[in-house]
Amino acid sequence: MNQCRLRNTMLFRIPFRALVALKWMRHNKSWLQSRQLRTDSSCKAPKAPAKSKDADSLLNGSNANYIDGLYSRWKANPKSVDPSWDAYFSGNPRGASTKSSDKRKYRRPPMAPSPAITTRTELPSRNISTTNPVSTTAAAPPPAMDWNYIDDHLTVQAIIRAYQTRGHLAADLDPLGIVQALGTTSVDGARRNATESVLRQHYTYVFNNLNATFKLPSSTMIGGSEQFLPLKQILDRLERIYCGHIGVEYMQITSLNKTNWIRERFEKPDAIQFSPDEKKLILERLTRSTGFENFLAKKFSSEKRFGLEGCDIMIPILKEIIDRSTSLGVESVMIGMAHRGRLNVLANICRKPIADILGQFHGLKATDSGSGDVKYHLGMYMERLNRLTNRNVRITVVANPSHLEHVNPVVLGKARAEMYQRGDTTGSKVLPIIIHGDASFCGQGVVYESLHLSDLPNYTTHGTIHVVSNNQVGFTTDPRFSRSSRYCTDVARVVNAPIFHVNSDDPEACIHCARVSTDYRATFHKDVVIDIVGYRRNGHNEADEPMFTQPLMYQRISKLKTCMVLYSEKLIKEGVITAADYKAMIAKYDKICEDAWEESKKMSTIKYSSWIDSPWSAFFQGRDRLKMCPTGVSLETLKKIGEIYSSPPPKEHKFKVHKGILRILALRRKLVESKLADWSLGEAFAFGSLVKDGIHVRLSGQDVERGTFSHRHHVLHHQSRDKVHYNSIEHLYPDQADYKVSNSSLSECAVLGFEHGYSMANPHSVVIWEGQFGDFCNTAQCIIDTFIASGETKWVRQSGMVMLLPHSLEGMGPEHSSGRIERFLQMSDDDPDVFPDTCDCDFVARQLMEINWIVTNLSTPANLFHALRRQVAMAFRKPLINFSPKSLLRHPLARSPFRDFNECSEFKRLIPDSKTANKPDCVNKLIFCSGKVYYDLFKEREDHEQDETVAIVRIEQLCPFPYDLVMKELELYQSAELLWVQEEHKNQGAWSYVQPRFDTALIKKENETRCISYVGRLPNSAPATGNKVQFMTEYKAFMTDVYGEMTEGNKQRLERIVKEQQAKAKAATKAGKEALDAAKKRAEHSIKESKAAKASEAADKNAPAAGTPAKGAPPKGTDGKPKEPKKNNVKITERTEPTRSSLSQLTLLR
């Protein structure tokens, strides 16, 4: 029944003309099929593939028999059948005529009897009743019109659409000719690439009369100003546009405006036009690109350089993008790329002195600190004048490790940060360009993650130009083994990016794609992809032998002329240049390289800092690197931030807040009034005071607006209106800096890379990435290892990036428990066997300056406040890795008084035990710990009544290790046993890092015989157990190792405390109930008094005059007595409602 309804509904959605045509074709399948399957013996058209004879075949049943009978009669006597059937059976092209006429007559061929066709006036009305069946009426003839003519135009439109949608499948893109369009020869002798895979069911139509003229639809621009074209010209133009050296892949875009824009750049006649001067410029740039690689190959034949040979045209493409972008207003260009072609880009795009590049091949000693990196990983920063546009442009090539595509999000983040600094809200001043390899573009997940940032409001760069250097091989792997998709660029289709595949041996086609891509990005501010289909002339590197794995490919490559030679021959043939001009171009660039070679020989040293991609010269100039600025703030600042942060939006905002949020704000207000700060308030103090000082703060990550553990709530959501938000920290001061908090996509690698790139752009900002859980950093390990941990050492590039990783074992299972402290500490570059000079007055600053990053495991909100503010108080920048708490976010002991935030306070690298400091001789155990386990130890110490004999010291800053403060504690508790206690397993956590440093400190101390012992969980491959019983068993075991078993006295004391707490709770409950009852009684009493007063007032107003019956008095009977009211069985009860004041009183009491 539902199917019938659906069918009737769909029928009435089809236009009448289409419905009539559809029914007519359905009843004349045989005749239509004979028209589709006919072939012309004179044009040698390929036969249509055999089709299975299923139930829906057009040649089944009586239709097939009817056609077979007609064909037999025609074979005996062609004149015995209708002339139209004679034309079909003889194979003459439809519409062929010796007379030229735009209007062709239509004659309906004789057909077998067919069912009736329902006319428009006789179509049944829609009837959803199941009882009255729809009746059919007598047949009517189809409308009198030239159906052949209409069919032909519809077919031509479908052919045009097929070229636009699938023409790239038959494009001539491969300069090697390995992946080549099959093509066929048509009736006019011309060879066309579009095969049946492109044209599908309309393929055989192109073998008909090519002289027939058709009106072009509005969906194409191939005619220019012409509205009518012969079929031959239509096919020729479509072939040239879509099946030539450019494959335009754009029909996946859902915007008609964008698709029409692209059609205009490719379909219009003479869309690709270059003047002689432009052609000379292309050749000159191509000469420099190829000449640079040839020069390096000549001088360093066995050195790895990852040359660009085979995709030499990439340099002219990049130069065209930059030239055109600067003319459109771009002031800064960010380039991210892997190693292939990097040296060429540095030399010919950034104009890095070639002598400096050649110096990297000489193996010279560096004069500055750091480990450096190989030459094809180095970055570059250059500000120069663009000669074509006469405008200054800043070009940055971001340094990248061997992990290919992982530089992508870093470039995007850096570009976004520079847009923020320039006030560029549309991306019109900053342009990111990312160069990909074919195998990595489709193979590495970070590409997909980065692409999905393109339209997110707080991550978009308003369009990135992606250039794929497509070698058609990944190291030694053929494409058929490295991807499942047809193209390596198919991943870009998910963001509806247009993709221009282009043959690298056609420079003019390549430059045209560069122009269109630049204009597209400038117009629509969306991503666009250029796929340069080329090859790799050498192996993966110059010392590699590619014939081992791709023998046939490299046999072809060895016979190919370079793109430079091919294009020079073309221009010489066209008369644009002469052979002498070409030789002069080559000689000119060779001389430049030779002069640079001679200059490089004079170099004796190199500087790593000359390759920096993010210089902060103004920041470091005249600054004392060892000066530490204070991090505390005034009490007035804390109060103002606290009041606004703990208040709902102002009334003028008319903002409806969730009731649960109001309760949270009320609790915050109580804390502010008590001059105490929990974790959320301490963080807000840090952010608020930073933006007050003009420091831009950006917080990013999964669910950071609310917080994973619902503790932050920086962004409030209107409860009855969509997309209405309020962030109190954005409204603290009228002249404050921006505070941006943004939930990210469910990606760690790309988002962390993005934020790291953002932090590289400006030292006057605090950029924070918070993991939903600490172990989420696992999927971002590449960014952590190769950029954050070692970026300064390799590339002399500083970053103040902050990572907040929730970490602690709460009995919730292996995952989401550990932030993997041991990994970060293992990557720290301080020497555990060297005791630093703690007597140096600048010891703290020097220790921070010399480490690669700072690792903390904080236990108080005040320390978090100071740690975040210290990130910009230092005269340099270092990444901060903080292992933030989970249960401590609301722990009653994990609070800090306001005095710990004031001007006299500072960050505490180590927090001593204030209880035992006055009587150190009584202490027999000195426990060092870090993070949340301190509160567990503190509780157990009270339960075991060992407050005076056990000292607990918190090491808040694990790296760099606070040797000076640890030494003070060792000297204070000289007779105490030394323990390191952690909740993590022995092979995890901080133990492996702190143990050798404690040993170094103890060795340094004279007459010291003690050593530190480990107490905690046993080694394990998993971070934690998933069994709560086992978790508590492990917890009790290592707490017993610290404090021993509980005595009977301890147990009795705990029982007594529990009973006292229960009694207090009962008493509080009883008192609350009594207060509530009293409030109810007062409310009821006030209600009665109010009603009585109102009744009395009403009686006074309505009192009648003497002799006048009172208003509303019962009527009197004939005897003068009042009539008695009629009795009924309904019992009338008085309903009293509490007043608004009494309700509010009850609510407050509850």
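Details of the structure are given in the entry above.
In this convention, every chain numbers its residues from 1, walking through the sequence in written order. Local features in this predicted model are restricted to residues whose pLDDT is 70 or higher, and side-chain atom pairs enter the listing and the counts only when it is 80 or higher, whereas totals over whole chains, interfaces and linings include all residues. Excluded from the side-chain calculations are hydrogens and water; all other atoms, namely the structure's heavy atoms, are used.

1. Describing the overall build of the protein chain
Starting at the N terminus, helices and strands are each numbered in turn, a helix being any DSSP run of H or I of at least four residues and a strand any DSSP run of E of at least two. Of regular secondary structure, the protein chain possesses 37 helices and 30 strands. The criterion used for residue contact is that any of the two residues' heavy atoms lie within 4.5 Å. In the protein chain, 80% of the contacts between residues at least 6 apart in sequence involve partners at least 24 apart. Accessible area of the protein chain: about 56,000 Å², with a carbon and sulfur share of 52%. Exposure was quantified through the Shrake-Rupley algorithm and a 1.4 Å probe, taking into account, for residues, occlusion by the shown protein chains and nothing else.

2. What to know about the environment of L752
Counting through the fold element by element, L752 comes out in helix 26 (residues 749–761). Separated by 51 residues in the primary sequence, L752 and M803 place their C-alpha atoms 8.8 Å from one another. Here L752 is in contact with W769, A780, I783, I784, I788, M801 and M803, once residues within four sequence places are set aside.

3. Some points on the packing of aromatic side chains
Any two of the Phe, Tyr and Trp rings considered here, Trp counted by its six-membered ring, make a pair once their centres fall within 6.5 Å; the pair's planes then place it as stacked at under 30 degrees, edge-to-face at over 60, or tilted in between. Throughout the structure, instances matching the rule amount to 32 aromatic pairs. Their ring planes at 50 degrees and their centres at 5.0 Å tell us that Y520 and F524 sit as a pair that is tilted. Highlighted residues: Y520 and F524, both in helix 18 (residues 507–524), separated by four residues, approximately one helical turn. Residue burial is assigned from relative accessible area. The probe radius is 1.4 Å, only protein chains are included, and a residue is buried under 20% of its type maximum, exposed over 50%, and partly exposed in between. Judged by relative accessible area, which is 0%, Y520 ranks as buried. Between the aromatic rings of F773 and F776, the centroid separation amounts to 5.8 Å while the plane-to-plane angle is 55 degrees, which identifies the pairing as tilted. Grouping residues by exposure puts F773 and F776 together as buried. When the ring centre of Y733 is taken as origin, the NZ or CZ atom of K692, which lies over that ring, is 5.8 Å away. Our definition puts a charge over a ring when NZ of Lys or CZ of Arg is within 6 Å of the ring centre and also within 35 degrees of the ring normal.

4. Examining the packing of helix 10 (residues 276–299) against helix 21 (residues 579–601)
Axis definition: a line fit to C-alpha positions, over the contact stretch in the case of helices; interaxial angles, taken between N-to-C directions, run 0 to 180 degrees. For the pair helix 10 and helix 21, the least separation of the axes is 9 Å and the interaxial angle reads 45 degrees. If you check the angle between helix 10 and helix 21, you find them oblique. As helix 10 runs across helix 21, the sense of the crossing is right-handed. In contact with K280, L283, E284, T287, R288, G291, F292, F295, K298 and K299 of helix 10, helix 21 contributes Y582, M585, I586, Y589, I592, C593, E594 and W597. Amino acid classes used here: Ala, Val, Leu, Ile, Met, Phe, Trp, Tyr, Cys and Pro are nonpolar; Asp, Glu, Lys and Arg are charged; the rest, including Gly, are polar. Across the contact of helix 10 with helix 21, the residue classes break down as 10 nonpolar, two polar and six charged. Orientation is classified from the angle alone, with under 35 degrees giving roughly parallel, over 145 giving roughly antiparallel, 65 to 115 giving roughly perpendicular, and any other angle giving oblique. Take the far helix as your reference; a near helix turned counterclockwise from it by less than a right angle gives a left-handed crossing, and one turned clockwise gives a right-handed crossing.

5. Examining empty space enclosed by the protein
Using a 1 Å grid laid over the protein atoms alone, points where a 1.4 Å probe fits but cannot get out form a cavity; open sets with protein on both sides within 12 Å along at least 5 of 7 lines form a pocket; any residue with an atom within 4 Å of a point counts as lining. Grid points are joined across faces, edges and corners, and a volume is the space filled by probe spheres set on the points. Enumeration according to the criterion identifies 12 cavities of 30 Å³ or more in this entry. Approximately 90 Å³ is the volume attributed to the largest cavity. Around the largest cavity, the lining comprises 14 residues; the ones closest to its centre are H711, R712, E770, S884 and L889. Here the residues of the lining of the largest cavity are counted per class, giving seven nonpolar, four polar and three charged.

6. Some details on the pattern of salt bridges
Any Lys or Arg side-chain nitrogen found within 4 Å of a carboxyl oxygen on Asp or Glu counts as a salt bridge. Within this structure, the stated rule accounts for 50 salt bridges. A salt bridge links R869 to D693; the shortest N-O distance between them is 3.2 Å. With a gap of 176 residues between them, R869 in helix 31 (residues 861–873) and D693 in the loop between helix 25 (679–692) and strand 16 (696–701) connect regions that are remote in the sequence. Under the relative-accessibility criterion, R869 is labelled buried at 9%.

7. Here's the deal with the sheet that holds strand 23 (residues 880–882)
Strands are labelled as partners when DSSP assigns at least two bridges between them. Spatially, the seven strands line up as an open sheet ordered 19-16-20-21-23-22-28, and their pairing is mixed. Looking along the sheet, the strands with just one partner apiece sit at the ends: strand 19 (739–743) and strand 28 (957–959). Taken over all neighbouring pairs, the strand axes of this sheet differ in orientation by 20 degrees on average, direction set aside. Of the strand pairs in this sheet, strand 16 and strand 20 (residues 765–770) are connected by six bridges, and their pairing is parallel. Note on strand 20: the bridge partner recorded for H696 is S765. Each of strand 20, strand 21 (802–804), strand 22 (854–856), strand 23 and strand 28 is contacted by helix 31, which is oriented at about 130 degrees to strand 20, the strand it contacts most.

8. Topic: the sheet that holds strand 6 (residues 332–337)
Pairing in this open sheet of eight strands is mixed, and the strands run 5-12-13-11-10-6-9-8 from one edge to the other. Bordering the open sheet on either side are strand 5 (246–249) and strand 8 (380–386), each of which pairs with just one other strand. Ignoring strand direction, the axes of neighbouring strands in this sheet form an average angle of 20 degrees. The pairing of strand 12 (residues 499–503) with strand 13 (residues 528–533) spans five bridges and is classified as parallel. For I499, the partnering residue across the bridge sits in strand 13 and is V529.

9. A look at the side chain of S700
Secondary-structure assignment places S700 in strand 16. When its relative accessible area of 0% is taken as the criterion, S700 is described as buried. Once you skip the residues sitting within four places of it in the chain, S700 turns out to touch Y459, S742, S744, V751, E755, I768, W769 and E770.

Such coordinate-based values are descriptive only and should not be taken to indicate function.
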